[in-house]
Amino acid sequence: MPKKVTQAQITTCLQTLRDTPRHITACTAGMDETRLKTALAPEWSLVEILAHLRGCADVWSYSIYAMLTLDKPELAYIHPRDWTKKQDYASLTFAENFAAYEIGRQNLLRILEGLSFDDWNRSARFIGKVNTYTIFGETMRMALH
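Attention here is on the structure that accompanies the text. A quick note: this is a predicted structure, and the numbers were derived from the prediction, not measured.

Examining the overall build of the protein chain
Here is step 1: When you go through the protein chain residue by residue, the secondary structure sums to six helices and three strands.
Here is step 2: Counting helices and strands in the order they occur from the N terminus, the protein chain gives α-α-α-β-α-α-β-β-α.
Here is step 3: Relative to a compact globule of 145 residues, whose C-alpha radius of gyration would be 15 Å, the protein chain shows 16 Å and is just as compact.
Here is step 4: Of all 145 residues assigned to the protein chain, the portion counted as buried reaches 38%.

Structure follows, in structure tokens:
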């Protein structure tokens, strides 16, 4: 993660977060639930991929909200795959997962778009982890994922 965040990097991350739901819709247009639940050789189905993206977004959004709410919190580390399995997102339909993913993304963007430049450097540590994580770092992680 970059040490010195620029406004251009923030703008790029926000645009990627805005665009991702539209890209998912375009990539899956016209596919029925059977196709969406069929594994892509040899890995996950599109439902499982979306469930994973949703789990990552849930976990990383949680850390962003904690960083905004608390001053340099120390948070329990939650692995996105564990969260996804615990919530059993892969058992839901693509439409159910996508609706929740899209609402979560809209809510996160509403918060992120209102941040001051300094807020992007707010940080947290995760128990058992050495590195410090920032709001920008978690946002970039989500945008790249």
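Next comes the rest of the account.
Here's the deal with the packing of aromatic side chains
Here is step 1: Tallied over the full model, the rule gives five aromatic pairs.
Here is step 2: Taken together, a centroid distance of 6.2 Å and an interplanar angle of 5° make the contact between Phe94 and Phe98 stacked. With a gap of four residues between them, Phe94 and Phe98 both fall in helix 5 (residues 94–112), about one helical turn apart.
Here is step 3: Judged by its relative accessible area of 12%, Phe98 falls in the buried class.
Here is step 4: Taking 5.0 Å as the distance between ring centres and 75° as the angle between the ring planes, the aromatic pair formed by Phe126 and Tyr133 counts as edge-to-face.

Some details on the sheet that holds strand 1 (residues 74–75)
Here is step 1: Here we have three strands laid out as an open sheet, ordered 1-2-3, and mixed in their pairing. With one partner strand each, in any of the chains shown, strand 1 and strand 3 (132–134) form the two edges of the open sheet.
Here is step 2: Pairing analysis gives two bridges linking strand 1 to strand 2 (residues 123–126), with the strands arranged parallel. Each bridged residue has a counterpart across the sheet, and for Leu75 the counterpart in strand 2 is Phe126.
Here is step 3: Sheet contacts for helix 6 (residues 135–144): strand 2 and strand 3; angle to strand 3, the most-contacted strand, approximately 75°.

Some details on helix 6
Here is step 1: Counting buried residues in helix 6 gives eight out of 10 residues, a clear majority hidden from the surface.
Here is step 2: Within helix 6 the residues assigned to the buried category are Ile135, Phe136, Gly137, Glu138, Thr139, Met140, Met142 and Ala143.
Here is step 3: The elements touched by buried residues of helix 6 are helix 1 (7–28), helix 3 (46–69), helix 5, strand 2 and strand 3.

Here's the deal with the state of the cysteines
Here is step 1: This model, assessed by the stated rule, comprises zero disulfides.
Here is step 2: With no disulfide partner, Cys27 has as its closest neighbouring cysteine sulfur the one in Cys56, 18 Å distant.
Here is step 3: Just so you know, Cys56 is unpaired, no disulfide at all, and the nearest cysteine sulfur is the one on Cys13, 15 Å from it.

Considerations on the pattern of salt bridges
Here is step 1: Going through the model one piece at a time under the given rule, you end up with three salt bridges.
Here is step 2: Between Glu138 and Arg141 there is a salt bridge, with its nearest N and O atoms 2.9 Å apart. With Glu138 and Arg141 both in helix 6 and three residues apart, the pair spans about one turn of that helix.
Here is step 3: In this structure Glu138 comes out as buried when scored by relative accessible area, which is 1%.

Some words on the pairing of strand 2
Here is step 1: Here strand 2 pairs with strand 3 via three bridges, running antiparallel. Within the sheet, the bridge partner assigned to Ser123 lies in strand 3 and is Thr134.

Let's talk about unusual backbone geometry
Here is step 1: Although it is not a glycine, Lys72 adopts a positive phi angle of roughly 50°.
Here is step 2: Topologically, Lys72 is positioned in the loop between helix 3 and strand 1.
Here is step 3: For Asp88, which is not glycine, the phi dihedral falls at a positive 55°.
Here is step 4: With respect to the secondary-structure elements, Asp88 resides in the loop between helix 4 (80–87) and helix 5.
Here is step 5: Overall, the relative accessible area of 44% leaves Asp88 in the partly exposed class.

What counts, and where the lines are drawn
- Residues numbered from 1 in each chain as written.
- Predicted model: local features only at pLDDT ≥ 70, side-chain atom pairs only at ≥ 80, totals over all residues.
- Heavy atoms only, no water.
- Helix = DSSP H or I, 4+ residues; strand = E, 2+ residues; numbered from the N terminus.
- Rg over C-alpha atoms; globule rule 2.2 N^0.38 Å.
- Buried < 20%, exposed > 50% of the residue type's maximum accessible area, 1.4 Å probe, protein only.
- Phe/Tyr/Trp six-rings, centres within 6.5 Å; stacked < 30°, edge-to-face > 60°.
- Pairing = 2+ DSSP bridges.
- Contact = heavy atoms within 4.5 Å.
- Axes fitted to C-alpha atoms, helices over the stretch in contact; angles between N-to-C directions.
- Disulfide = S-S within 2.5 Å.
- Salt bridge = Lys/Arg side-chain N within 4 Å of Asp/Glu carboxyl O.

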